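# Coordinates in review
Below are the chains, spelled out letter by letter.
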Amino acid sequence: MTRDLRVFVSGLTLLGAGTSPAWAGGVKRDYTLSYVASRSLFNYRGWGSLEGGYTWRDGAPANQIYLTADGGYPLPFAGALLKLGAHLERSVGSDTPRQPEDRFGSSATNNFHKASYLKLGDSAIFPFGSRKQWAAEVGYNQWVWGRSARRYKEPFISVGRSF
C-alpha cells in the first residue's frame, strides 16, 4: 500500500511524506522533504520544472538525495506537448543490514539498497475530452548511469485528468 501526503501552497510542495511501496520492502516508511520550482513557458503553453529533495528511509534502503528536471514544449498539432526529463537519485550510503522481509538483496555488482542512478526520458502528451481535461502520455525512460544499480529501460503509458 502506498500513502502520500503533500501540502501545496501556490504550486510549491512544502512537505511530502509517505510509506514505501510494497516492492521496496515490507511495511517500511519513507519521509521526503522536497522543494519544487516551476515556470510557464511559450506563452503559457509549455513549462519547465525543477525539484530537489532528501528522503529518509526506514529499513535497509539508504537515504537518498534526488534532483528531477522536466520541461514541455508545444507541438504544432492537437494541442500535444513534447516532454523531456531527467532524474538523479544519489545514495548517501546510510543503509542498514538487509532484513528478511526486504525483497531485493545485494551482490558484488548490485546493491539495490545503496544504489545511485541517472535516467533520461522523453514523452508525448495528448490532451483530449470536451474541455481537454484528460491527457494521455506515451514515453520512454532509459537509465544512463548507475552505481550499484541495474540499468532499466522503461516504456510507459499513462492517463491523467485535471480538475
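Further remarks concern the confidence of the model for the protein chain. As a general rule, the predicted coordinates of low-pLDDT regions are not to be interpreted in detail. Model confidence for the protein chain is summarised by a mean pLDDT of 79, while 67% of its residues fall at 70 or above. Note that residues 1-25 has pLDDT below 50 and, in this model, 52 contacts with residues that lie over four places away or in other chains.

With that out of the way, let us pick up the side chain of Ser123. The residue Ser123 is located in strand 7 (residues 116-128) in this model. For Ser123, a relative accessible area of 6% gives the class buried. At 2.7 Å, the side chain of Ser123 forms a polar contact with the side chain of Glu137.

This brings us to the packing of aromatic side chains. In this description, a pair of aromatic rings is defined by centroid distance and the angle of the planes. Inspection of every chain in the model, using the stated rule, returns 5 aromatic pairs. Centroid distance Trp143 to Tyr152: 4.8 Å. Interplanar angle 75°. Geometry classified as edge-to-face. Put simply, the rings of Tyr117, Trp143 and Tyr152 pair up and form one aromatic cluster.

The rules behind the values
- Residues numbered from 1 in each chain as written.
- Predicted model: local features only at pLDDT ≥ 70, side-chain atom pairs only at ≥ 80, totals over all residues.
- Heavy atoms only, no water.
- pLDDT = per-residue confidence, 0-100.
- Contact = heavy atoms within 4.5 Å.
- Helix = DSSP H or I, 4+ residues; strand = E, 2+ residues; numbered from the N terminus.
- Buried < 20%, exposed > 50% of the residue type's maximum accessible area, 1.4 Å probe, protein only.
- Polar contact = N/O pair within 3.5 Å; in protein donor to acceptor, adjacent residues only side chain to side chain.
- Phe/Tyr/Trp six-rings, centres within 6.5 Å; stacked < 30°, edge-to-face > 60°.

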